[in-house]
Amino acid sequence: MALTKLNTADLRISIDPERLGFADTAELMLEPLPWIGQERAETAARFGLGLEQPGYNLFVLGEVGSGRSSLLQQLMQTVAAGRAQPPDLCYLHNFDTPERPRALRMPAGQGRQLRQLMAALVKSLQVEVPKRLEGQDFKAGSERIGKDGQAQKAAAFTELTAFAEQRSFALRREEGRLVFTMRGDKGQALTEKEAAELPLARRAEFDRAEHELHGEINRFMEKTAALERVMNEALAELRRQAVRPMLEHELQAIRVGLKKGIKDSVKLGAYLDQVAHDLLENVELFEVFEPDDESRREALEAVLQRYRVNLVVDNEASMGAPVIVENNPQFRALFGSIEYQAENDVLVTDFSRIRAGSLLKAHGGFLMLHLRDLVADPLVWEKLRRFLRNGRLQIEEPGTLASSMGAVSLEPEAVDVDVKIVLIGASAHFYELQEGDPEFSRHFRVKVDFADSFIATDATYRATGIFVAHACRRLALPHFSAAAVARLVEETHREADDRTRQSAIFARTEALVTESAALCRAGLVSVANVEAALAARTARHDAVAQRLRESVAEGDRMISLQGSRVGQINALTQIDLGDTRFGFPVRVTARTFAGHEGVVNIEREVELSGPIHDKGVLILGSYLSALFGQLAPMALSASIVFEQEYHCVEGDSASCAELYVLLSSLSGLPLRQGVAVTGAVNQHGEVLPVGGLNEKIEGWFRICERAGLDGSHAVLIPERNRRHLMLDRDILDAVERSLFQVVAVGHVAEGIELLTGQAAGLAQDIDAPPGSVRALAEQTLRDYRRACLRAGRALPARSYRR
C-alpha cells in the first residue's frame, strides 16, 4: 500500500495579490458591502422582511461574529426606508373609567401636534375662562340671578314670619339660624317662668302652635334650599354660557388644526366632546381665588391634568418604518411600563405615566431581539409568546404585585401592534424551540441560516477586500495593501481549517484588521504588519502552550522523540481554552497478555473519557475482532492508557494511535517515536478525518523543533484531511529542507508500515505474509490462546470489556 508524503504546496494555500484586482482597499470604499458567502441567508432575509403577512417573523441562526446581527440590521434599515411612516400613539384620560386610559393612534406627527394643541388649550383656559367669569356681562347676569334669588328667599321668609306672628311667635335670624320666641297678649316676649305660669289650656294652645311653626320652618328650609339650587344652576349655566363659545372655538381650532385621515377620528371627536363636557362641569374652579387656597389650586390642576396628552410613540421625525434593536429586553423596556409615585403610603398613577416599550415603538417596522436575553427571564418570554399569539399588547406593571404598599390599579387600553420580529439565536436554540414549543414554528416561519464557512472564489476574495475597506472607513484606520489583504484572506482559510473554504466569522477578520493597523506607522498596512499582529496575538495567548512545551523539554512530561518503542506512540490532541486552541502530544501505551478481558480502556474505567472516545475504542476493538477472531475467539487481555493525562479525554482522533500501539504490543514490533499520529478509524481500518489538524501538527512541530529537527520527525494524518491543511510557514520551510515530514494515509495498514518498517499484512482476504505485523500478532494470539487453554480458562467471544 502506498502512503503520501506531502510537499509544501499541499500544506498551505498562498493567495497571489494580483488575483484580488486592486492595489489597496482605498479603491473599494465606494463599493457596497456584500453578504460574503451568505447568499442563502440573504435571500431568506429579504423574503421575510418583504413579506407583510402575520407569522412570518425571522429567526436568524449562526455563529457569533458571522455578521448575523449587523447584516440583518442594515437590511432592515434598507427595507424600512421604503415603507410608510407608522402612526403615533397617544394615551388619553378616560372620563368614564379613569383607571382604563384610552389609546389613540394618529398619523405620524399629529400626535405631537395634538399634544401641543391640548397644552395650548390648557394655557388658554387658565387665562380666558377667568376673564369670561370676570366680565361685565357675566357679573350683571350673576347679580340679577342673585337678586332674584334673594328676593324669592326674602318673600318666603316674610311668609314664614307672618305665619309665626299669627301664632304668637316672634321669628328672627341669628348667626344663620332661625330663632323664635313666644309672645304674650300684649306682644311682649315671654320668659320661661312666664310661660310656665300660663293656664294649661293656653300652654296647650302654644304647644300646638309651636308644632305647626316647626313644620312651616321645615317647609321654608326646603323651599330656600330649592331656591338655592335653582340659583346655583342658573349661575352654573351662566358660567357655561359665558365660557362655551370660547371653548367651542378652541376645540374647533384643534379639530381644524389636525389633518384628515385619522384612523381613530371618531374616538378623537368623542374625546374632545368629553373634554368640553368635563370642563363645563368644573368651570367654577377657574374663578379667581386667593393665592393661599391650596385646595382650589390642587383641584384645578387635577382637572387640567386630564386634558393633557401622553404621547408614548412619536414618529414625526422618522423616515420610513422604525428599526429597533433592543439589546436590553427587560420587561419594562420591551413591553412598556406604568410609573408610580408614593403618596401617603399608597402608590398612585394616571394615564400620563404610561411609557412605551420597544414593541410599541417598532409598530409598523422591525424589532431585533436576541433569544438568549429573552429566555433568561421567563416572565418576558411568556408575555412575548402571548403577544405573538394575538398581536395585541397590554401595558402592565408587574412590579406593583410584589410591593408592600397599596397601589392604584391602571389598565391601559390594549393596542394592536404590527411588528416584524427578527430573533437572533444559536442553531441549537432554534431546533430546541422547534421541538419544545409547538407555537414557535407558526410565529417564526422564516429561517435565516448564516453559514460558518463558504466556498472560496476570486469573488469572495475581492468581497473580503471590500469588507476590509469598509472596516477601515468605519474605524478610521489606514487602508490595507493588496498583499496585506491576501494575508488576511489566507487567515480566513486557516480559521475555516480548509484550503477550499473561507471562514464566515468576519468578526475575527475585523479584529485582525484593527490589530494590524495599530502596528502600521505610516502609509498602507503591509503584510509585515499583519504577520506582526498574528505573532503578537499568539504571544498574548500562548502561555499555557509554552509551559506545556517546557514541561516536555524539562522531562516532566514523558514524550520520546527518538528511537523506537514497543507498545508506545505519540498521539496528537487539541486543547481548547476558549480564547485559544493548540495541539499537544500525549504518550499512548498498550500492554497485551493472555486472558479474557478484551481491550480495557483505562480512561473509561476511571471515568476520564467521554462517549465519543469510548466509541472509538469500541470500533477499534471491533476491527481487531474482525481481523484476528474469524477462526476462533481471541484469548486477549489488553489495556490502553493515555500517559500523564489527568483530565477527561474526549474525541476519537486518537483511535488510530490506540490501534497502532495494540498491534505493536501484539506483534512485538517497535514504533518510531519521532512520528506522531492523529486520525480516527472505522471498522474496516479506514482512516477518518479529524478536527484541529493544523494546531496538532504545529504543536508537535514546536516540540520537535525545540529538541532539534534531524529529518526523523514526522506526523501521520488522514488522507481525507489533506485539504484542511493551512500550516505555518516555518513548517513549510522545514518540509522544504527535509527536516520534517507530513504523511497522509488512507488505511491503518499504511500507517503501521511506516511506523514499524514492516509489511502490514492486514488484508483479510489473504494470508498474512511471514514477518508481517499481522503474522506476528497472530502468532502472539495463538500463544495466548494456548496459555489460556492450559490454564483451563473459558474464552469469551468479546474483545472489549464494558
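Residues numbered from 1 in each chain as written. Predicted model: local features only at pLDDT ≥ 70, side-chain atom pairs only at ≥ 80, totals over all residues. Heavy atoms only, no water.

### Section: the sheet that holds strand 7 (residues 310-313)
Note the cut-off: Between any two strands, pairing holds if DSSP finds at least two bridges. By definition, any uninterrupted DSSP run of H or I lasting at least four residues is a helix, any uninterrupted run of E lasting at least two residues is a strand, and each is numbered from the N terminus. Under this scheme, a helix contributes an axis fitted over its contacting stretch, all axes are lines through C-alpha atoms, and angles between N-to-C directions fall in the 0 to 180 degree range. Only heavy atoms enter the contact rule, under which two residues are in contact if any of them lie within 4.5 Å.
Judged by pairing direction, the sheet is antiparallel, and its three strands sit side by side in the order 4-3-7 without closing on themselves. Edge strands, defined here as strands with exactly one partner in the open sheet, are strand 4 (102-106) and strand 7. Between one strand axis and the next, the sheet turns by 30° as a mean value, whatever way the strands run. In the sheet, strand 3 (residues 88-92) pairs with strand 4 via five bridges, with the strands oriented antiparallel. Looking across to strand 4, one finds that Cys-90 is bridged to Leu-104. Strands strand 3 and strand 4 of the sheet are contacted by helix 8 (residues 265-281), whose axis makes an angle of about 125° with strand 4.

### Remarks on the sheet that holds strand 17 (residues 420-425)
Read across the sheet, five strands follow the order 8-13-17-2-18 without closing on themselves; strand pairing throughout is parallel. The open sheet terminates on both sides in strands that have one partner only, identified here as strand 8 (323-325) and strand 18 (446-449). Averaged over neighbouring strand pairs, the angle between their axes works out to 20° when direction is ignored. Note: strand 8 against strand 13 (residues 366-370), three bridges, orientation parallel. Paired with Val-323 across the two strands is Phe-366, which belongs to strand 13. Contacts from helix 14 (residues 427-436) reach strand 2 (58-61), strand 17 and strand 18 within the one sheet, and its direction differs from that of strand 2 by about 140°.

### Examining the environment of Tyr-56
Looking at the secondary structure, you find Tyr-56 in the loop between helix 2 (39-50) and strand 2. Each C-alpha atom, one on Tyr-56 and one on Arg-445, is 5.1 Å from the other, the two residues being 389 residues apart in sequence.

### What to know about empty space enclosed by the protein
The condition is simple: A cavity here means a set of points on a 1 Å grid, drawn over the protein atoms and nothing else, where a 1.4 Å probe fits but cannot get out; a pocket is an open set with protein on both sides within 12 Å along at least five of seven lines, and a residue lines either one if it has an atom within 4 Å of a point. Grid points are joined across faces, edges and corners, and a volume is the space filled by probe spheres set on the points. Throughout this entry, Asp, Glu, Lys and Arg are counted as charged residues, while Ala, Val, Leu, Ile, Met, Phe, Trp, Tyr, Cys and Pro are counted as nonpolar. The remaining residues, Gly among them, count as polar.
With the rule as written, the count across this model stands at two cavities of 30 Å³ or more. Volume-wise, the largest cavity comes out at about 70 Å³. Considering the residues around the largest cavity, the lining is formed by Trp-381, Leu-384, Arg-385, Leu-388, Asp-437, Glu-439, Phe-440, His-443 and Phe-444. It is helix 13 (residues 378-390) that contributes the most residues to the lining of the largest cavity, four residues altogether. In terms of residue class, the lining of the largest cavity is made up of five nonpolar, one polar and three charged. Its volume calculated, the second largest cavity comes out at about 30 Å³. Lining the second largest cavity are Arg-557, Met-558, Ile-559, Pro-585, Val-586, Arg-587, Glu-643 and Gln-644. Partitioned by chemical class, the residues of the lining of the second largest cavity number four nonpolar, one polar and three charged.

### What to know about the side chain of Arg-83
Note the cut-off: Residue exposure (1.4 Å probe, protein chains only): buried if accessible area is under 20% of the type maximum, exposed if over 50%, otherwise partly exposed. Positive residues here are Lys and Arg, negative ones are Asp and Glu, while His and the chain termini are left out of the count. We define a salt bridge as a side-chain nitrogen of Lys or Arg found within 4 Å of a carboxyl oxygen belonging to Asp or Glu. Between N or O atoms, a polar contact is any pair within 3.5 Å; within protein, one atom must be a potential hydrogen donor and the other a potential acceptor, and residues adjacent in sequence are included only when both atoms are from side chains.
Summarising the element assignment, Arg-83 is placed in the loop between helix 3 (68-81) and strand 3. Among buried charged residues, Arg-83 stands out as having no salt bridge; its nearest opposite-charge side chain is Glu-52, 4.1 Å away. Only 2.7 Å separates the side chain of Arg-83 from the backbone oxygen of Leu-49, close enough to count as a polar contact. Those residues in contact with Arg-83 that sit more than four places away from it in its chain are Leu-49, Gly-50, Glu-52, Gly-320, Ala-321, Gly-364 and Phe-366.

### Here's the deal with the packing of aromatic side chains
Here the distance between the centres and the angle between the planes together describe a pair of aromatic rings. Spelled out, the test is: Pairs were defined over the aromatic rings of Phe, Tyr and Trp, the Trp ring being its six-membered one, requiring ring centres within 6.5 Å. Orientation was assigned from the angle between planes: stacked under 30 degrees, edge-to-face over 60, tilted for the rest.
Counted by the stated rule, this structure contains 13 aromatic pairs. Centre to centre, the rings of Phe-430 and Phe-440 are 6.0 Å apart; their planes meet at 75°, and the pair counts as edge-to-face. Of this pair, Phe-430 sits in helix 14 while Phe-440 sits in helix 15 (residues 440-443), placing them ten residues apart in sequence. You'll find Phe-430 and Phe-440 in the same group, each marked buried. Between Phe-701 and Phe-740, the aromatic rings sit 5.2 Å apart at their centres with planes inclined by 85°, giving edge-to-face as the arrangement. With Phe-701 in helix 24 (residues 693-707) and Phe-740 in strand 31 (residues 740-745), this pair connects stretches of sequence that are 39 residues apart. A single burial state applies to Phe-701 and to Phe-740, both of which are buried.

### Some words on the confidence of the model for the protein chain
The condition that has to hold: Confidence of the predictor in every single residue is expressed as pLDDT, which spans 0 to 100.
The share of residues in the protein chain with pLDDT of 70 or more is 90%, and the mean pLDDT across the chain is 86. Within the protein chain, strand 13 carries the highest mean pLDDT (96), whereas strand 15 (residues 406-407) carries the lowest (59). Residue range residues 793-802 is modelled with pLDDT below 50. Its contacts to residues more than four positions away, or to other chains, number 30 contacts.

### Regarding the layout of surface pockets
Any space left empty among the atoms is revealed by the rolling of a water-sized probe across them. Estimated volume of the largest pocket: approximately 1500 Å³. For the lining of the largest pocket, the secondary structure elements donating two or more residues are helix 17 (482-496), helix 18 (506-518), helix 19 (527-541), helix 20 (543-553), strand 23 (581-593), helix 24 and helix 25 (729-736). With seven residues, the top contributor of residues to the lining of the largest pocket is helix 19. Looking at the lining of the largest pocket residue by residue, the classes come out as nine nonpolar, eight polar and 25 charged.

### Notes on helix 19
Note the following rule: Given the number of residues in a helix, its expected span is that number minus one, multiplied by 1.5 Å. Of all possible arcs, the one meant is that of the directions from the helix axis to the C-beta atoms.
The first and last C-alpha atoms of helix 19 sit 22 Å apart over 15 residues, in line with the 21 Å expected at 1.5 Å per residue. Taken together, the buried positions of helix 19 are occupied by Asn-529, Val-530, Ala-533 and Leu-534. In an axial view of helix 19, the angular spread of the buried residues amounts to 135°, which keeps them on one side of the axis. Along helix 19, exposed side chains directed more than 90 degrees from the buried face belong to Ala-528 and Ala-539. Contact partners of the buried residues in helix 19: helix 17 and helix 18.

### Thoughts on the packing of helix 22 (residues 611-628) against helix 23 (residues 655-667)
Here is the rule: These descriptions rest on fixed angle ranges, namely under 35 degrees for roughly parallel, over 145 for roughly antiparallel, 65 to 115 for roughly perpendicular, and the rest for oblique. The handedness criterion is simple: a crossing whose near helix is rotated anticlockwise from the far helix by less than a right angle is left-handed, and one whose near helix is rotated clockwise is right-handed.
At a minimum axis separation of 9 Å, helix 22 and helix 23 run at an interaxial angle of 40°. With respect to helix 23, the axis of helix 22 lies oblique. The two elements helix 22 and helix 23 cross, and the hand of that crossing is right-handed. Seen from helix 22, the contacting residues are His-613, Gly-616, Val-617, Leu-620, Tyr-623, Leu-624 and Phe-628; seen from helix 23, they are Ser-655, Glu-658, Leu-659, Leu-662 and Leu-663. Residues that form the contact of helix 22 with helix 23 fall into these classes: eight nonpolar, three polar and one charged.

### Notes on the nonpolar core
This is how it is decided: We call a set of buried Ala, Val, Leu, Ile, Met, Phe, Trp, Tyr and Cys residues a nonpolar core when their side-chain atoms join them within 4.5 Å.
Formed by 50 residues in total, the largest nonpolar core has its most connected members in Ile-569, Leu-624, Tyr-660, Leu-716, Val-748 and Leu-762. In terms of residue count, helix 23 provides more of this core than any other element does, eight residues in total. With 39 residues, the next largest nonpolar core counts Phe-95, Phe-138, Leu-304 and Val-309 among its residues.

### Regarding a negative patch on the surface
Filter applied, for reference: Nonpolar side chains (Val, Leu, Ile, Met, Phe, Trp, Tyr) are joined into patches within 5 Å and like charges within 9 Å, using only residues with over 30% relative accessible area and no salt bridge. With residues, only the protein chains shown are counted as cover, and all accessible areas are computed by Shrake-Rupley using a 1.4 Å probe. The location of each charge is read from NZ of Lys, CZ of Arg, CG of Asp or CD of Glu.
On the surface, a cluster of negative charge is contributed by Asp-292, Glu-294, Glu-298 and Glu-301. Take Glu-294: it is sitting in helix 9 (residues 294-305). Taking relative accessible area as the criterion, Glu-294 reaches 43% and is therefore assigned partly exposed.

### Details of the pairing of strand 2
The side-chain alternation of strand 2 yields two buried faces, one formed by Leu-58 and Val-60 and the other by Phe-59 and Leu-61. Pairing analysis gives four bridges linking strand 2 to strand 17, with the strands arranged parallel. Paired with Leu-58 across the two strands is Val-422, which belongs to strand 17. Where strand 2 and strand 18 come together, four bridges link them in parallel fashion. Directly across from Leu-58, in strand 18, lies its bridge partner Val-446.

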